[in-house]
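Structural overview
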Amino acid sequence: MKSIPISEIIERLHQETGLSPEMIQDQIKAKVHTLDGLVSEEGAAYIIASELGVQLLKPQSKTRKIGELENGDLGIDAAGKVTRIYSVRTFPRKDGSVGEVASIVISDQTGTARVVFWDKKTQSIKDGKITEGDIIRIKDANVRQNNFGGKEIHLNARSFIAVNPKGLDIKASGRITNKKIISQIIPGENVSVVGTIVKAYPPRFYYACKTCNKKVALTPDGAFCKEHNKTEVEQNMLVSIVLDDGTETIRCVAFRNTAENVCGFTAKEGYEILTKDGENILSARLDEFLLGRQVECIGGAKENKNVAQTEIMLNSVDLNPNPKNIASKLLVEKNG
Ligand SMILES: [Zn+2]
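The structure contained in this document is the topic of the report that follows. Source: prediction; values computed, not measured. (Residues numbered from 1 in each chain as written. Predicted model: local features only at pLDDT ≥ 70, side-chain atom pairs only at ≥ 80, totals over all residues. Heavy atoms only, no water.)

**Some remarks on the pattern of salt bridges**
The following threshold applies: One speaks of a salt bridge when a side-chain nitrogen belonging to Lys or Arg is within 4 Å of a carboxyl oxygen belonging to Asp or Glu. Secondary structure elements are defined from DSSP: runs of H or I of at least 4 residues count as helices, runs of E of at least 2 residues count as strands, and each element is numbered from the N terminus. For the exposure calls, accessible area comes from a 1.4 Å probe over protein chains only, and a residue counts as buried if that area is under 20% of its type's maximum, exposed if over 50%, partly exposed in between.
Evaluation of the coordinates by the stated rule reveals 12 salt bridges. For E51, the salt bridge goes to K31, with nearest N and O atoms at 2.8 Å. Placement of the pair is E51 in helix α3 (residues 41-51) and K31 in helix α2 (residues 21-34), with a sequence separation of 20 residues. K31 sits in the buried class, given a relative accessible area of 18%. Note that R64 is salt-bridged to D73, the shortest N-O span being 2.5 Å. The class for R64 is partly exposed, based on a relative accessible area of 25%. By relative accessible area, D73 is classed as buried at 18%.

Given below as structure tokens:
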């Protein structure tokens, strides 16, 4: 058996667990002590490693750049900045059980990939342990291609995710989001705005193609998508809010998952309230949830030609913005 110098073992444990080298050293000393000096420090380090679940003899795999990942790669390590989080969804399995799936999008300077969490692995998303802007390191996952040619990193039972591990700084590629005050927003740019919700319009409901999410035509023969012909549909929701940051107001429009995040209920739940209790009750519930709330809206600024006004088509909304983002808004105001 090839032996690994103790300094290297400590470094490996530090890298893989995030414990400080001092803490690891203390644990090793304590282990030597409890074993009455029957093991060397090196032997104790191996025991500690095994207790911490770190496999010292397995070669440490290299963290790959997202752009280097290939369809079919197994057991890869990757890292990226979380640019989007989708809500957890359930689906029926062939055996009658209910499956759960969640996904997020990560990005580095070489590319973007969706990370897919199945069943128990969705817990970290449900618990809010991963948020947009976090940097994550994924260990031991598989790469698959999705139906649209994009890359997906699938977590399996062995996969492990570290959130904001020390010493890992990744910049996301893709469109740059500018932190803006509303009066300075220009159509065509991707913006992030912190403001207060001063109005919420009642959500609207529509049926969309399950494959492409576009609106379908409902006929007595079924639902028809322009692209996918006769298709399965799902209930979707659209909601508009008006945001005020003290410089001006702007209308923001959200669809699907983003609309569900804004409303705090799913399209299905919203539609039930609408049909059972009516639009006034639905509106009142939304007003109570949203009015006066300080939020961070991220999306593309677009000119709505019908009303000659700029609107934001939302990609995501943070209902509980990070105090850091509120502070940076104040800085933008001061300097802008
Ligand atoms: Zn379609």
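**A closer look at the side chain of E234**
To keep things clear, this is the line we draw: Here a polar contact means two N or O atoms within 3.5 Å. Within protein one must be a hydrogen donor candidate and the other an acceptor candidate, and residues neighboring in sequence count only if both atoms are side-chain atoms. For this analysis, residues touch if any pair of their heavy atoms sits within 4.5 Å.
Assignment of secondary structure puts E234 in strand β14 (residues 233-244). Here the side chain of E234 touches R89 through a polar contact of 3.0 Å, side chain to side chain. Apart from the residues lying within four places of it in its own chain, the contact partners of E234 are R89, Y206, Y207, A208, K210 and N213.

**Notes on the pairing of strand β5 (residues 111-118)**
So the rule is basically this: Whether two strands pair comes down to DSSP finding at least two bridges between them.
Examined bridge by bridge, strand β4 (residues 98-108) and β5 share 8 bridges and lie antiparallel to one another. Each bridged residue has a counterpart across the sheet, and for D108 the counterpart in β5 is G111. As consecutive antiparallel partners, β4 and β5 are separated by 2 residues. Sheet analysis places β5 next to strand β7 (residues 151-163), joined by 3 bridges and oriented parallel. Bridge pairing links R114 to E152 in β7.

**A short note on the coordination of the zinc ion**
We count it as follows: Any N, O or S atom lying within 2.8 Å of the metal counts as a donor, with the limit raised to 3.2 Å for Na, K and Ca; because water is left out of the atom set, some sites can appear incomplete. Only four donors with every angle between 85 and 135 degrees are called tetrahedral; only four or six donors with opposite donors over 155 degrees apart and all others between 65 and 115 are called square planar or octahedral, in that order; all others are irregular.
Ligation of the zinc ion by protein atoms is provided by C209 (SG), C212 (SG), C225 (SG) and H228 (ND1), these donors lying 2.1 to 2.4 Å from the ion. Classification of the site at the zinc ion rests on its 4 donor atoms, whose angles at the metal span 105 to 115 degrees, yielding the label tetrahedral. We note that the donor set of the zinc ion lies within a single chain, spaced as C-x2-C-x12-C-x2-H.

**Here we look at the side chain of S316**
Of note, S316 is situated in strand β17 (residues 309-318). A distance of 3.1 Å separates the side chain of S316 from the side chain of E132, its partner in a polar contact.

**Observations concerning the packing of aromatic side chains**
Centre distance and the angle of the planes are the two values used to describe a pair of aromatic rings. To keep things clear, this is the line we draw: When the centres of two rings from Phe, Tyr and Trp lie within 6.5 Å, Trp using its six-membered ring, the rings pair. Their planes under 30 degrees apart give stacked, over 60 give edge-to-face, and anything left gives tilted. Geometrically, a charge over a ring is one whose NZ (Lys) or CZ (Arg) sits within 6 Å of the ring centre while staying within 35 degrees of the ring normal.
Per the counting criterion, the structure on display carries 2 aromatic pairs. Between the aromatic rings of F91 and W118, the centroid separation amounts to 5.9 Å while the plane-to-plane angle is 85 degrees, which identifies the pairing as edge-to-face. With F91 in strand β3 (residues 89-92) and W118 in strand β5, the pair connects residues that are 27 residues apart, well separated along the chain. The lysine or arginine in question, K199, covers the ring of Y201, its NZ or CZ lying 4.8 Å from the ring centre. Over the aromatic face of F289 sits the side chain of R293, whose NZ or CZ is 4.9 Å from the ring centroid.

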